[in-house]
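Each chain is listed here by its residues.
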2 protein chains.
Amino acid sequence: MMMTRKAKATERNILDTGRELVLRKGFVGVGLQEILAASGVPKGSFYHYFASKEAFGHALLQQYIDDYASRLDHLFAEDGGNGRDRLMRYWRAWIEDPELGGWADRCLVVKLAAEVADLSDDLRTVLADGVRRLLDRITGIIERGRADGSIPEGVSAPSTARTLYQMWLGAALLAKLSHTQDPLLQALAATEALLGVTAFPSPPA
Amino acid sequence: MMMTRKAKATERNILDTGRELVLRKGFVGVGLQEILAASGVPKGSFYHYFASKEAFGHALLQQYIDDYASRLDHLFAEDGGNGRDRLMRYWRAWIEDPELGGWADRCLVVKLAAEVADLSDDLRTVLADGVRRLLDRITGIIERGRADGSIPEGVSAPSTARTLYQMWLGAALLAKLSHTQDPLLQALAATEALLGVTAFPSPPA
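This structure is a prediction, so every number in the text was calculated from the model and none was measured.

Topic: the overall build of chain A
Right, so step 1: Secondary structure assignment for chain A yields nine helices and zero strands.
Right, so step 2: In sequence order, chain A lays out its α and β elements as α-α-α-α-α-α-α-α-α.
Right, so step 3: Its C-alpha atoms put chain A at 60 × 40 × 35 Å along the principal axes.
Right, so step 4: Within chain A, counting contacts between residues at least 6 apart in sequence, those at least 24 apart form 66% of the total.
Right, so step 5: Positive and negative side-chain charges in chain A, numbering 24 and 26 respectively, have mean positions lying 4 Å apart.

This is the structure we're talking about:
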């Protein structure tokens, strides 16, 4: 739909407010009333932008994925460093980003994956597609590191990307659970080690 | 509280019914009415056993942790195999257990960690303590494998246990999200590789 600048600002306000609430309380845990109250938008206006709470969730996840892609563009494009430096800069941002705080703590995959996986096939698919695109980006930066010699040849780049991402997701989950950053520091150390692994055995049949 | 056998059976029925609901819908997503209807227990009776929904959640998580510990006892005690075999038997159970289906798919840490971490400090603590005890068990089986020579010396057993567990948690999250077992098979292959890693660099300060 074509939107005026004001309409776009209102939509963005609802999504930004909603994201903060969802990050703390989950998707099911946030009521529509709460989003309306926090964003100062009347109910009728909300339905002008989103046909349902699920449609709101869809837009929220899509916005998160797009924002995340922009952050990655910025992070990977920054001057300085070879492929490995850029890759490690990304993982370090999970722990601490001067502008955003730790990405792990604000990650909607960590917060919502288990919840939406059984709740809504639409929301699940949006998030799963976002993860797939992210894995492609991580794969690309590993290939770059292989090409410039900063990451040794070894396990295929897509497998390495998936293994690292899975490890960081689990670490982020445990960081939330333990209220410490220890799991993330553990993942950081293991990442360095995994980048030196030269082969994964084939999974047993 | 002292309970008759009948009372214990009723409590167990509420917890078992509740667990199946919570596994699909999360803790916030399951209403008390739904638990009562599914277990066929009247409201007054529910409050005889649990002072609140949070108290019910506490008992649910504690029961899960205790059951999990029994499953581990069984799995690690089974005849046959060295430490490494026993450890790998545990990870394979995440993918497929003939009796229970895959543990990953029925794991309350995967399903609830992100949700309860911000919801209730009591529930968070129960789950975090359960994870800590589980990590001790995994550490123990790795030490056993080191002692019998089936797992090479290398990264400290507690660090190895944490890294593996984090990787499997993230894999289980992505398996839920993607509705495939690929992430778990990836974790299985990476586990074999990680058991051969001889050192993690210290995390950069």
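Side note on the relation of the copies chain A and chain B
Right, so step 1: Once chain A has been moved 0.0 Å along the axis and rotated by 180°, it coincides with chain B to within an RMSD of 0.0 Å. Both chain copies can therefore be described as sitting about a two-fold axis.
Right, so step 2: In this assembly, 98% of the residues forming the interface of chain A have copies in chain B that are likewise at the interface, indicating an isologous arrangement.

Digging into the interface of chain A and chain B
Right, so step 1: Taken together, the contact pairs 51 residues of chain A with 50 residues of chain B.
Right, so step 2: Here chain A and chain B share an interface that buries about 4,100 Å² over both sides, 69% of which is from carbon and sulfur atoms.
Right, so step 3: Summed over the shared surface of chain A and chain B, the number is four salt bridges.
Right, so step 4: Across the salt bridge formed by Lys 176 of chain A and Asp 118 of chain B, the nearest N and O atoms sit 3.5 Å from each other.
Right, so step 5: Viewed at the interface, chain B and chain A are joined by 16 residue pairs in polar contact (both at pLDDT 80 or more).

Description of helix 5 (residues 83–95) of chain B
Residue and element names in this part refer to chain B.
Right, so step 1: Here helix 5 contains 13 residues, and its C-alpha end-to-end distance of 19 Å stays within 8% of the 18 Å for a straight helix at 1.5 Å per residue.
Right, so step 2: Of the positions making up helix 5, those classed as buried are Gly 83, Arg 86, Leu 87, Met 88, Arg 89, Tyr 90, Trp 91, Ala 93, Trp 94 and Ile 95.
Right, so step 3: At the N-terminal end of helix 5, a side-chain oxygen is found 3.2 Å from the backbone nitrogen of Arg 84, two or three residues along, and the residue is Asn 82.

Digging into the nonpolar core
Right, so step 1: Core analysis: the biggest nonpolar cluster contains 154 residues, and Tyr 90, Trp 91 and Tyr 165 of chain A together with Tyr 90, Trp 91 and Tyr 165 of chain B have the highest contact counts within it.
Right, so step 2: Here Tyr 90 of chain B is in contact with Tyr 68, Leu 72, Leu 75, Phe 76, Trp 103, Leu 134, Ile 138 and Tyr 165 of chain B, once residues within four sequence places are set aside.

Remarks on the packing of aromatic side chains
Residues and elements named next belong to chain A.
Right, so step 1: Per the stated rule, a full pass over the model turns up 32 aromatic pairs over all chains.
Right, so step 2: Each ring, one from Tyr 90 and one from Trp 91, has its centre 4.8 Å from the other, and the planes form 50°; the classification is tilted. Grouping residues by exposure puts Tyr 90 and Trp 91 together as buried.
Right, so step 3: Note on Trp 91 and Trp 168: the rings are 5.2 Å apart at their centroids and 10° apart in plane angle, and the pair reads as stacked. With a gap of 77 residues between them, Trp 91 in helix 5 (residues 83–95) and Trp 168 in helix 8 (residues 157–178) connect regions that are remote in the sequence.

Structural notes on the packing of helix 5 of chain B against helix 9 (residues 182–194) of chain B
All names here are of chain B.
Right, so step 1: Taken N-terminus to C-terminus, the directions of helix 5 and helix 9 make an angle of 165°; their axes are 10 Å apart at the nearest point. The orientation of helix 5 relative to helix 9 falls into the category roughly antiparallel. Pair helix 5 / helix 9 crosses with right-handed handedness. Where helix 5 abuts helix 9, its residues Arg 84, Met 88, Trp 91, Arg 92, Trp 94 and Ile 95 lie against Leu 184, Leu 185, Leu 188, Thr 191 and Glu 192.

Some points on a nonpolar patch on the surface
Right, so step 1: There is a patch of nonpolar side chains on the surface, built from Val 28 and Leu 119 of chain A together with Val 28 and Leu 119 of chain B and spanning about 280 Å² of accessible area.
Right, so step 2: Within the element layout of this structure, Leu 119 of chain A appears in helix 6 (residues 108–119).
Right, so step 3: When its relative accessible area of 43% is taken as the criterion, Leu 119 of chain A is described as partly exposed.

Section: unusual backbone geometry
Right, so step 1: With a phi angle near 55°, His 179 of chain A is a residue other than glycine that sits in the positive phi range.
Right, so step 2: When you line up the elements, His 179 of chain A lands in the loop between helix 8 and helix 9 (182–194).

Some words on the state of the cysteines
Right, so step 1: All chains considered together, the criterion is met by zero disulfides over all chains.
Right, so step 2: Free cysteine: Cys 107 of chain A, not disulfide-bonded; nearest cysteine sulfur from Cys 107 of chain B at 18 Å.
Right, so step 3: For Cys 107 of chain B, a relative accessible area of 5% corresponds to the buried category.

Considering helix 4 (residues 53–77) of chain A
Residue and element names in this part refer to chain A.
Right, so step 1: Its 25 residues place the ends of helix 4 36 Å apart at the C-alpha level, agreeing with the 36 Å of an ideal helix rising 1.5 Å per residue.
Right, so step 2: Looking only at helix 4, the buried set comprises Phe 56, Gly 57, Ala 59, Leu 60, Leu 61, Gln 63, Tyr 64, Ile 65, Tyr 68, Leu 72, Leu 75 and Phe 76.
Right, so step 3: Those residues of helix 4 that are buried lie in contact with helix 1 (5–25), helix 2 (32–39), helix 3 (43–49), helix 5, helix 6 and helix 7 (121–147).

Focus on the packing of helix 7 of chain A against helix 8 (residues 157–178) of chain B
Right, so step 1: Where helix 7 of chain A meets helix 8 of chain B, the closest approach of the two axes is 9 Å, and the angle between their N-to-C directions is 125°. Between helix 7 of chain A and helix 8 of chain B, the crossing angle belongs to the class labelled oblique. When helix 7 of chain A is examined against helix 8 of chain B, the residues Arg 124, Leu 127, Ala 128 and Val 131 of chain A are found in contact with a partner set consisting of Leu 174, Lys 176, Leu 177 and Ser 178 of chain B.
Right, so step 2: Classifying every residue of the contact of helix 7 of chain A with helix 8 of chain B gives five nonpolar, one polar and two charged.

Some words on the side chain of Thr 160 of chain B
Residue and element names in this part refer to chain B.
Right, so step 1: Looking at where Thr 160 falls in the secondary structure, it is placed in helix 8.
Right, so step 2: By relative accessible area, which is 7% here, Thr 160 ends up buried.
Right, so step 3: Sequence-distant contacts of Thr 160, defined by excluding residues within four places in its chain, comprise Ile 142, Arg 146, Val 155 and Leu 195.

Calculation notes
Residues numbered from 1 in each chain as written. Chains lettered and ligands numbered in written order. Predicted model: local features only at pLDDT ≥ 70, side-chain atom pairs only at ≥ 80, totals over all residues. Heavy atoms only, no water. Helix = DSSP H or I, 4+ residues; strand = E, 2+ residues; numbered from the N terminus. Contact = heavy atoms within 4.5 Å. Lys, Arg positive; Asp, Glu negative; His and termini not counted. Charge placed at Lys NZ, Arg CZ, Asp CG, Glu CD. Least-squares fit on C-alpha atoms with pLDDT ≥ 70 in both. Buried area = accessible area lost by both parts, 1.4 Å probe. Salt bridge = Lys/Arg side-chain N within 4 Å of Asp/Glu carboxyl O. Polar contact = N/O pair within 3.5 Å; in protein donor to acceptor, adjacent residues only side chain to side chain. Expected span 1.5 Å × (residues − 1). Buried < 20%, exposed > 50% of the residue type's maximum accessible area, 1.4 Å probe, protein only. Core = buried A, V, L, I, M, F, W, Y, C linked by side-chain atoms within 4.5 Å. Phe/Tyr/Trp six-rings, centres within 6.5 Å; stacked < 30°, edge-to-face > 60°. Axes fitted to C-alpha atoms, helices over the stretch in contact; angles between N-to-C directions. Parallel < 35°, antiparallel > 145°, perpendicular 65-115°, else oblique. Left-handed = near helix turned anticlockwise from the far one by under 90°. Patch = residues over 30% accessible without salt bridge, like charges linked within 9 Å, V, L, I, M, F, W, Y side chains within 5 Å. Areas by Shrake-Rupley, 256 points an atom, 1.4 Å probe, with all protein chains shown as cover. Disulfide = S-S within 2.5 Å. Nonpolar A, V, L, I, M, F, W, Y, C, P; charged D, E, K, R; others polar.

Interpretation note: all reported values are geometric properties and have no functional meaning in isolation.
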